Amino acid sequence: MRTLSGKELAAAVRERVRAEAAARQPRLAVVVATADEASLWYVRSIAKAAAGVGIACDVVELGPHAAPETIAATLAGLSADPGVHGVMLQTPLPPGASAQELAAAIDPAKDVDGAAPLSLGRLAAGLPAFAPATAAAVLALLDHHGVELAGRRAVVVGRSTVVGKPLAHLLLDRHATVTVCHSRTRDLAAVTSQAEVLVVAAGRAGLIGAGHVAPGAVVIDVGTNPTAGGGLTGDVDLAAVAPVAGALTPVPGGVGPVTTALLLEHTVRAAGA
Ligand SMILES: NC(=O)C1=CN([C@@H]2O[C@H](COP(=O)(O)OP(=O)(O)OC[C@H]3O[C@@H](n4cnc5c(N)ncnc54)[C@H](OP(=O)(O)O)[C@@H]3O)[C@@H](O)[C@H]2O)C=CC1
Ligand SMILES: Nc1nc(=O)c2c([nH]1)NC[C@@H]1CN(c3ccc(C(=O)N[C@@H](CCC(=O)O)C(=O)O)cc3)C=[N+]21
């Protein structure tokens, strides 16, 4: 089995971004209204990576009890600020706040994590738009490791707005034959074992075992589930699947680092337009 690491690709993307950032002085604003530890970890890692490539990063902390109106007004204000090039709304959100509705307040030109409904619509229509960084990272990893997509059977597990749905569109654009699974899918293993390329973004540790994977399949594990020991594990049962799969992304060190690097790349692109 081949291990499809994301670390080298992420480093190469960051180098590219660093070179472009010098001339453009990009600024990214991350709006946070949560106390979720995993989410806050991601925000800190974005801020650190941004600093490393010369992108200014403002973390706008609204607190876990922020009212939806406050979040929307903050996003609208940042969208109207000519000094800010990228705007991202971190999830999860306080109860009663809808990420989909609030993201409509982000100017699509600054929507570097592809969260606004207009961005997803443009993506689906085949028009230029920022894709969510995670969905873009899956495509970038497949390309980096030379995985052919045209004409191949791709199965995506998960239909969220951040990962599954945009990813299905990106894979379709690359001429894969795409099936999307979710929690109501009957006999998940029967569907996933048809995949030549299997992408898993369910957020369920160990969901995918040997019986879910066709021999030789390329498996991309998007899941990041905290473990009891303070570590991180994917949605794929590594020990079970490794002998069956042809290639597999590690967690950590797979999709995650590429996601962060591409968010920064989207930000320099937004600053250069
Ligand atoms: N590495 C990275 O850069 C990123 C990693 N992630 C990780 O990816 C995972 C998914 O994230 P996200 O899309 O935001 O999560 P969501 O919880 O929004 O969506 C999960 C999706 O998986 C489906 N699902 C859940 N359980 C099952 C099951 N047993 N069988 C089949 N489908 C199932 C759900 O189905 P239904 O719609 O029916 O509920 C849903 O569509 C998480 O672990 C998250 O931490 C997320 C973003 C970035
Ligand atoms: N609007 C929005 N967009 C997101 O993209 C988004 C989000 N909300 N909410 C939370 C999830 C989670 N997420 C991760 C990104 C990178 C790593 C990552 O780089 N992880 C490292 C390791 C971390 C460790 O070892 O603890 C790795 O996989 O190698 C993890 C998780 C993005 N998310």
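Everything numeric here is computed off the predicted structure, so don't read it as measured data.

Some remarks on the UniProt feature "binding site: NADP(+)" (unreviewed entry) in the protein
Logical step 1: Residues annotated in UniProt with the feature "binding site: NADP(+)" (unreviewed entry) correspond here to Gly-158, Arg-159, Ser-160 and Thr-224.
Logical step 2: With respect to the secondary-structure elements, Arg-159 resides in the loop between strand E5 (153–157) and helix H7 (164–173).
Logical step 3: Every residue in contact with Arg-159, bar those within four places of it in the chain, is listed here: Gly-164, Lys-165, Val-180, Cys-181, His-182 and Arg-184.
Logical step 4: Looking at Ser-160, the relative accessible area reads 31%, which means it is partly exposed.
Logical step 5: Setting aside residues no more than four positions away along its own chain, Ser-160 makes contact with Lys-165 and Pro-166.

Things to note about the domain arrangement of the protein
Logical step 1: Domain boundaries assigned for the protein yield domain 1 (21–106) and domain 2 (133–256).
Logical step 2: Computed from C-alpha coordinates alone, the two centres of domain 1 and domain 2 are separated by 27 Å.

Focus: the site of ligand 2
Logical step 1: With respect to spatial proximity, 15 residues lie near ligand 2, and among them Thr-91, Asp-113, Pro-252, Gly-253 and Gly-256 are the closest.
Logical step 2: The contact in question runs from a nitrogen atom of ligand 2 to an N or O atom on the backbone of Leu-89, over 3.3 Å.
Logical step 3: A distance of 2.9 Å separates a nitrogen atom of ligand 2 from a polar side-chain atom of Thr-91.
Logical step 4: Protein contacts shield 77% of the accessible area of ligand 2, which totals 670 Å² for the unbound molecule.

Structural notes on the site of ligand 1
Logical step 1: Around ligand 1, 20 residues are found, and the nearest of them are Arg-159, Ser-160, Ser-183, Thr-224 and Thr-259.
Logical step 2: Separating an oxygen atom of ligand 1 from a side-chain N or O atom of Ser-160 is a distance of 2.5 Å.
Logical step 3: Within the backbone of His-182, an N or O atom sits 3.4 Å from a nitrogen atom of ligand 1.
Logical step 4: If ligand 1 stood free it would expose 930 Å²; the protein chains cover 70% of that surface.
Logical step 5: Here the residues of the shell around ligand 1 sort into seven nonpolar, eleven polar and two charged.

Overview of the pattern of salt bridges
Logical step 1: As enumerated under the stated definition, the model contains six salt bridges in all.
Logical step 2: Of the charged contacts in the structure, one is a salt bridge between Asp-58 and Arg-27, with a shortest N-O distance of 2.8 Å. With Asp-58 in strand E3 (residues 56–61) and Arg-27 in strand E2 (residues 27–32), this residue pair connects regions lying 31 residues apart in the sequence.

Some details on helix H1 (residues 7–24)
Logical step 1: For H1, which comprises 18 residues, the first-to-last C-alpha distance of 25 Å matches the rise-based estimate of 26 Å (1.5 Å per residue) to within 8%.
Logical step 2: Among the residues of H1, Leu-9, Ala-10, Val-13, Val-17 and Ala-21 are the ones counted as buried.
Logical step 3: On the buried face of H1, the contacting elements are helix H2 (37–53), helix H6 (133–144) and helix H10 (255–272).
Logical step 4: A positive phi of about 45° marks Gln-25, the residue just after H1.

Cut-offs applied
Residues numbered from 1 in each chain as written. Chains lettered and ligands numbered in written order. Predicted model: local features only at pLDDT ≥ 70, side-chain atom pairs only at ≥ 80, totals over all residues. Heavy atoms only, no water. UniProt positions renumbered as here; feature names shortened; annotations may be inferred. Helix = DSSP H or I, 4+ residues; strand = E, 2+ residues; numbered from the N terminus. Contact = heavy atoms within 4.5 Å. Buried < 20%, exposed > 50% of the residue type's maximum accessible area, 1.4 Å probe, protein only. Domains from an automatic or database assignment. Near = heavy atom within 4 Å. Polar contact = N/O pair within 3.5 Å; in protein donor to acceptor, adjacent residues only side chain to side chain. Areas by Shrake-Rupley, 256 points an atom, 1.4 Å probe, with all protein chains shown as cover. Nonpolar A, V, L, I, M, F, W, Y, C, P; charged D, E, K, R; others polar. Salt bridge = Lys/Arg side-chain N within 4 Å of Asp/Glu carboxyl O. Expected span 1.5 Å × (residues − 1).

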